Amino acid sequence: MAKYSDFFTYCVFGFLATLVNMGTYHLLYGSALLSNVAATVLAWFTAVTFAFFTNKFIVFKNREMKAVQVVRELAMFYSARLSTGIIDVVFMFITVDLMTLPPLACKFISNIIQGIINYLAGKLIIFRKN
């Protein structure tokens, strides 16, 4: 069980990051009336920032605090998440704007796809133990 503890912890904090993403999206798109794409981008940025700190310190237990190392990890994290962020924006544009499917259901599906890709990037590349 200890072998998979980081995966289970990632799932818990991934779920919380999904809530941050979906909650922010709902507030911006549903209540603040921002466009779908603008709300998706801002929700993505908020969730990625939350995810960086939880992934670094809680999920992968990376306590490295040297400025150079943290900046490197942050750059790698945002770069990896940018690729899944692009997937999110394209997916949301196609499903919500073009196909007129339910926005929150589409956001949830998009977050599942992103979560799988992001876990692999975090585990294997960004926060790997040397």
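Anything mentioned here points back to the structure above.
Not measured: the values here are computed from a predicted model.

Basis of the calculations
- Residues numbered from 1 in each chain as written.
- Predicted model: local features only at pLDDT ≥ 70, side-chain atom pairs only at ≥ 80, totals over all residues.
- Heavy atoms only, no water.
- Core = buried A, V, L, I, M, F, W, Y, C linked by side-chain atoms within 4.5 Å.
- Buried < 20%, exposed > 50% of the residue type's maximum accessible area, 1.4 Å probe, protein only.
- Helix = DSSP H or I, 4+ residues; strand = E, 2+ residues; numbered from the N terminus.
- Contact = heavy atoms within 4.5 Å.
- Phe/Tyr/Trp six-rings, centres within 6.5 Å; stacked < 30°, edge-to-face > 60°.
- Lys NZ or Arg CZ within 6 Å of the ring centre and 35° of its normal.

1. With respect to the nonpolar core
Right, on to step 1. Val48, Val59, Phe60, Phe77, Ile126 and Phe127 are the most contacted members of the largest nonpolar core, which totals 16 residues.
Right, on to step 2. Secondary structure elements with two or more residues in this core: α1 (5-31), α2 (36-59), α3 (67-98) and α4 (103-126).
Right, on to step 3. Of all the elements, α2 adds the most residues to this core, at five residues.
Right, on to step 4. In contact with valine 48, other than residues within four places in its own chain, are Phe77, Tyr78 and Arg81.
Right, on to step 5. Ranked by size, the runner-up nonpolar core spans seven residues in total, among them Tyr25, Leu28, Ala43 and Val96.

2. What about the packing of aromatic side chains?
Right, on to step 1. Going through the model one piece at a time under the given rule, you end up with nine aromatic pairs.
Right, on to step 2. Between the aromatic rings of phenylalanine 52 and phenylalanine 77, the centroid separation amounts to 5.3 Å while the plane-to-plane angle is 70°, which identifies the pairing as edge-to-face. Placement of phenylalanine 52 in helix α2 and of phenylalanine 77 in helix α3 is noted, with a sequence separation of 25 residues between them.
Right, on to step 3. The exposure class of phenylalanine 52 is buried, given its relative accessible area of 2%.
Right, on to step 4. The exposure class of phenylalanine 77 is buried, given its relative accessible area of 1%.
Right, on to step 5. One aromatic cluster is present, built from ring pairs that chain together Phe7, Phe8, Tyr10, Phe60 and Tyr119.
Right, on to step 6. Over the face of the ring belonging to phenylalanine 57 we find lysine 56, whose NZ or CZ atom lies 5.5 Å from the ring centre.
Right, on to step 7. In this arrangement the basic side chain of lysine 107 is found over the ring face of tyrosine 25, its NZ or CZ atom lying 5.4 Å from the centre.

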